[in-house]
Amino acid sequence: MATVVAFHAHPDDEAILTGGTLARAAAAGHRVVVVAATDGRVHNDDVDRLGELRTSAGILGAHRVECLGYADSGFGPELYPDPPGRVRFARADTEDAAQRLAVILREEEADLLLSYQANGGYGHRDHVQVHHVGKRAAELAATPRILEATMPREVLSRIGTAARLLRLPAPYGRDVVRTAYAPGSSITHRINVFRYARQKCDATAAHRSQIGTTGAAARLFAVLLRLPPQVAGLIFGREWFVDPARPPGRVYRDIFE
């Protein structure tokens, strides 16, 4: 059996981007570790997003959850000052952050690190930083493989159209979608997570502070959580990765291939 460490920017990213893949790996007997760079708090509020992360990771079958301890840098043109006693991840020293992650990679003797692409998916400054920190940490820990979580840009474009109709917030703007994530032709791993779509939905729902109780997002999630498993599988049945060490062409069906 192998050990996979999934490195994410914020609590909820683990479910949205890799939830089905992590649940599939755990069900197959692999060791799954989730590491969040930040505690998910842009401001010094009292929302327990790390508690939500632990609940989500438990639903997915993860064996260990860690946070590197940085503050969320926020999405948008303004990068706020660092909150008292904490550093926003976008301002973190890459080498220092990579050393923190490398400690976990070494402890776990990780076979595979899940990280992000250089564009951070949709350009979020914390997601871009995950790419740099993850790449350097894998070098420091001699982790043999990295896969970068992504989705086909064409799929995001369709999601973006629905999101705009539902008046959901960024990052679904047309200007963002044009260069977000990766063109479908560059994807190296397409993972069938049909059987784990319900776990992915439930894990996402664990992040109640992000979904809220009113508004379009809350209404949408309420509908999604009532979907029969077969329908949920059709909607959330695929997750995608790019192997930066392999040229595109062949598409693999398992992250451990």
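See the structure printed just above.
Worth saying up front: this structure is predicted, and the values here are computed from it rather than measured. (Residues numbered from 1 in each chain as written. Predicted model: local features only at pLDDT ≥ 70, side-chain atom pairs only at ≥ 80, totals over all residues. Heavy atoms only, no water.)

Draft legend 1. Fine view of the layout of surface pockets. In this structure, the second largest pocket encloses a volume near 170 Å³. Lining the second largest pocket we find 14 residues, and of these Lys135, Arg145, Ile146, Pro244 and Ala245 sit closest to its centre. Elements with a contribution of two residues or more to the lining of the second largest pocket: β4 (112-116), α5 (125-141) and β5 (145-150). It is α5 that contributes the most residues to the lining of the second largest pocket, 5 residues altogether. Considered class by class, the residues forming the lining of the second largest pocket number 6 nonpolar, 3 polar and 5 charged. (1 Å grid on protein atoms, 1.4 Å probe; cavity = no way out; pocket = protein on both sides within 12 Å on 5 of 7 lines; lining within 4 Å. Points joined across faces, edges and corners; volume = space filled by probe spheres on them. Helix = DSSP H or I, 4+ residues; strand = E, 2+ residues; numbered from the N terminus. Nonpolar A, V, L, I, M, F, W, Y, C, P; charged D, E, K, R; others polar.)

Draft legend 2. Representation of the pattern of salt bridges within the structure. Within the structure shown, the criterion is met by 17 salt bridges. In this structure, the salt-bridge partner of glutamate 107 is arginine 64, at a minimum N-O distance of 2.8 Å. In this pair, glutamate 107 is assigned in helix α3 (residues 94-108) and arginine 64 in strand β3 (residues 64-70), connecting sequence segments 43 residues apart. A residue is classified by how much of its surface remains accessible, and arginine 64, at 19% relative accessible area, is buried. Connected through salt bridges with shared partners, the residues Arg31, Arg64, Glu66, Glu107 and Glu108 form a single ionic network. (Salt bridge = Lys/Arg side-chain N within 4 Å of Asp/Glu carboxyl O. Buried < 20%, exposed > 50% of the residue type's maximum accessible area, 1.4 Å probe, protein only.)

Draft legend 3. Examining empty space enclosed by the protein more closely. For the structure on display, the rule yields 1 cavity of 30 Å³ or more. Taken as a whole, the largest cavity holds about 40 Å³ of empty space. Along the walls of the largest cavity sit Leu17, Tyr116, Gln117, Gly120, Gly121, His127, Ala149 and Tyr181, which together make up its complete lining. Per-class residue counts for the lining of the largest cavity are 4 nonpolar, 4 polar and no charged.

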